[in-house]
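These are the residues of each chain, in order.
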Amino acid sequence: QVQLVESGGGLVQPGGSLRLSCAASGSIFSINAMGWYRQAPGKQRELVAFITADGGSTNYADSVKARFTISRHNANNTVYLQMNSLKPGDTARYYCNAELRLTLYAHVKAYWGQGTQVTVSS
């Protein structure tokens, strides 16, 4: 059973910072790309940032470039999202996504966490 568990969300004032973490656990053979998505009420889920398996390449939504940084620690199957200069428009539920393989010969499959709420408000 694979689980992705996010943490680090909360209420923060505009201009503040938060660091989200997502740890993957269970019987995992390998993890490819990992990413963060967000969904605000009444809106579609959107990609915020993703990072390749070796951490060598990252990509960000235009709305968060230069403010958010994604990183990962492969030894403990964890991905992070450092969020700085937060704006009310960043308010959403943030979801972790991981493309992983359960065995050597299994297909790569996407898994999702339950999400963590980020609210930016004064």
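The structure this text deals with has already been given above.
Report on the accompanying structure. (Residues numbered from 1 in each chain as written. Predicted model: local features only at pLDDT ≥ 70, side-chain atom pairs only at ≥ 80, totals over all residues. Heavy atoms only, no water.)

Remarks on the pairing of strand β9 (residues 92–101)
If a strand is regular, its side chains alternate between the two faces of the sheet. With 7 of its 10 residues buried, β9 lies for the most part within the structure. Judged from the 8 bridges that link them, strand β4 (residues 30–39) and β9 form a sheet pairing that is antiparallel. Within the sheet, the bridge partner assigned to Gln39 lies in β9 and is Arg93. Taken together, the 4 bridges between β9 and strand β10 (residues 109–112) define a ladder with antiparallel strand orientation. Opposite Asn97, over in β10, you have Trp112 as the bridge partner. (Buried < 20%, exposed > 50% of the residue type's maximum accessible area, 1.4 Å probe, protein only. Helix = DSSP H or I, 4+ residues; strand = E, 2+ residues; numbered from the N terminus. Pairing = 2+ DSSP bridges.)

Observations regarding the pairing of strand β7 (residues 68–73)
Here β7 shows a buried face lined by Phe68, Ile70 and Arg72 and an unburied face lined by Thr69, Ser71 and His73. Of the pairings in the sheet, the one linking β7 to strand β8 (residues 78–83) comprises 6 bridges and is antiparallel in character. Bridged to His73 within β8 is Thr78. Counted along the chain from β7 to the antiparallel partner β8, the turn is 4 residues long, and its residue Asn77 has a positive phi close to 50°.

A few points about the packing of aromatic side chains
By the definition in use, this model includes 1 aromatic pair. For the ring pair Tyr37 and Trp112, a centre distance of 4.9 Å and an interplane angle of 65° mean the geometry is edge-to-face. Of the two residues, Tyr37 sits in strand β4 while Trp112 sits in strand β10, which places them 75 residues apart along the sequence. Look at Tyr37 and you get partly exposed, because its relative accessible area is 23%. The ring of Tyr80 carries Arg19 above its face, with NZ or CZ at 4.1 Å from the centroid. (Phe/Tyr/Trp six-rings, centres within 6.5 Å; stacked < 30°, edge-to-face > 60°. Lys NZ or Arg CZ within 6 Å of the ring centre and 35° of its normal.)

Here we look at the sheet that holds strand β1 (residues 3–7)
Strand order in the open sheet formed by 4 strands is β1-β3-β8-β7, and the pairing between neighbours is antiparallel. Two strands close off the open sheet at either side, each with one partner strand: β1 and β7. Taking the axes of each pair of neighbouring strands and ignoring which way they run, one obtains an average angle of 15° across the sheet. Sheet analysis places β1 next to strand β3 (residues 18–25), joined by 5 bridges and oriented antiparallel. Bridging from a neighbouring strand, Val5 pairs with Ala23 of β3. (Axes fitted to C-alpha atoms, helices over the stretch in contact; angles between N-to-C directions.)

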